[in-house]
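So the chains spell out like this:
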Amino acid sequence: MPELPEVESLAGFLREHAVGSVVARVDVLAISALKTYDPPVTALGGLTVTGVERYGKFLDVDVDGLHLVIHLARAGWLRWREEMPMRPARPGGKNPLALRVHLDGGAGFDLTEAGTKKGLAVYVVRDPQEVPGVAGLGPDPLAESFTAGTLAEIVKGRRTQIKGLLRDQKVIAGIGNAYSDEVLHVARMSPFKIASSLTEAEIGELYEAIRATLADAVERARGVAAQDLKGEKKSGLRVHGRTGQACPVCGDTIREVSFADSSLQYCPTCQTGGKPLADRRMSRLLK
């Protein structure tokens, strides 16, 4: 799933390649992906791309005051094309293409989504705050206004596991499953630790881990072509998706906890005092 660093890189890529271009037309192939109807998506035709912003995991393409807001969800992606195919794309079947934006000069980009579980969402609005997901976002962890004090207020009184709290977009915007694993590894903190139990020192360590992990990922992704971002993300992860491999810090074996539709990875030595976390789903499978 694209998270803050990848979406920030996509925004930078589109600023460089799309701003100043005129939208020739927009083809919608997956009607379920389009979440708004007023203004219609056809209203973008003939308007100029004037800016691109990021809100959490949302990508906002400003087209002369109308906003094409995109949430790539779990399996969505943006694919840039220097030359769009002349033949119209056909919807349906196994075609992952959901929406195609044609720009003047022949370039443009596709929004695709793999798999059968669809979550890609596209909005055409006059103000990004009209998108419920954008309006409900928590603070951006890379904003100057996000301080250790901000994080202290967030965790205060919250009887929830810190892993889930970091992933809650209404609490902190932009961190998903992968980077929450990475942040907690850097902070040497158990993903099951209760947020309200954090000491002042632990809050400070977690804050620094959030800022450093995300800033490093953004820097690594800077200038990377859109089609190469997935590979760049994977290569930079230290624990997420690396079950069974050696921890790059201590050499212990990275372990996993499985859930119904996701999993987390962690290092026992670095994060849990050497003790494996309970994996109820895996225990039931073994039984």
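Going by the structure above, here's the rest.
About the criteria used
- Residues numbered from 1 in each chain as written.
- Predicted model: local features only at pLDDT ≥ 70, side-chain atom pairs only at ≥ 80, totals over all residues.
- Heavy atoms only, no water.
- Salt bridge = Lys/Arg side-chain N within 4 Å of Asp/Glu carboxyl O.
- Buried < 20%, exposed > 50% of the residue type's maximum accessible area, 1.4 Å probe, protein only.
- Pairing = 2+ DSSP bridges.
- Helix = DSSP H or I, 4+ residues; strand = E, 2+ residues; numbered from the N terminus.
- Axes fitted to C-alpha atoms, helices over the stretch in contact; angles between N-to-C directions.
- Contact = heavy atoms within 4.5 Å.
- Arc of directions from axis to C-beta.
- Phe/Tyr/Trp six-rings, centres within 6.5 Å; stacked < 30°, edge-to-face > 60°.
- Core = buried A, V, L, I, M, F, W, Y, C linked by side-chain atoms within 4.5 Å.

### Let's talk about the pattern of salt bridges
Pairs can form between side chains of opposite charge once their charged atoms are near each other. The full count for this structure, using the stated rule, is 15 salt bridges. Here E8 makes a salt bridge to R15, at a shortest N to O gap of 3.9 Å. By relative accessible area, which is 33% here, R15 ends up partly exposed. Across the pair D27 and R25 runs a salt bridge, and its minimum N-O distance is 2.9 Å. Among the charged side chains, a network of salt bridges with common partners joins E8, R15, R54 and D140.

### Here we look at the sheet that holds strand β6 (residues 97–103)
The strand order across the open sheet formed by four strands is β1-β6-β7-β5, and the pairing between neighbours is antiparallel. Of all strands in the sheet, those bounded by a partner on one side alone are β1 (23–28) and β5 (76–81). Going across the sheet, the axis of each strand differs from the next one's by a mean of 15°, ignoring polarity. Against the sheet, helix α1 (residues 4–17) touches β5 and β7 (108–113), its axis set at about 25° to β5.

### Section: helix α3 (residues 148–155)
The periodicity of an α-helix, 3.6 residues per turn, causes residues three or four places apart in sequence to face the same way. Every buried residue of α3 is listed here: L151, I154 and V155. Taken down its axis, α3 places every buried residue within 85° of arc, on the same side. Downstream of α3 by one or two residues, G157 has phi in the positive range, about 75°.

### Brief notes about the packing of aromatic side chains
Counted by the stated rule, this structure contains two aromatic pairs. With centroids separated by 5.9 Å and ring planes inclined at 75°, the aromatic side chains of F13 and W80 adopt a geometry described as edge-to-face. With a gap of 67 residues between them, F13 in helix α1 and W80 in strand β5 connect regions that are remote in the sequence. Take F13 and W80: they sit in the same class, and that class is buried.

### As for unusual backbone geometry
Across the junction of D38 and P39, the peptide omega takes the value 5°, indicating a cis bond. Counting through the fold element by element, P39 comes out in the loop between β1 and β2 (49–55). Not every positive phi belongs to a glycine, and A73 is a case in point at roughly 55°. By the element assignment, A73 lies in the loop between β4 (66–71) and β5.

### Quick word on the nonpolar core
Membership of the largest hydrophobic core comes to 37 residues, with the highest contact counts inside it found for L14, L44, L59, L68, F109 and L111. At five residues, the largest contribution of residues to this core is made by α1. Those residues within four positions of F109 in sequence are excluded, and the remaining contacts are L14, L68, I70, L78, R79, W80, M84, L99, R100 and V101. Formed by 28 residues, the second largest nonpolar core is a distinct cluster that contains I154, A195, I210 and L214.

### Section: the sheet that holds β2
In space, the four strands of this open sheet follow the order β2-β3-β4-β8, with antiparallel pairing throughout. Edge positions in the sheet fall to β2 and β8 (121–125), since each of these pairs with one other strand and no more. Neighbouring strand axes in the sheet, compared pairwise and without regard to direction, differ in orientation by 15° on average. By the bridge criterion, six bridges tie strand β3 (residues 58–63) to β4 in an arrangement that is antiparallel. Across the sheet, residue V63 finds its bridge partner in β4, namely L66. Along the sheet, α1 contacts β2 and β3; its crossing angle with β2, the most-contacted strand, is approximately 170°.

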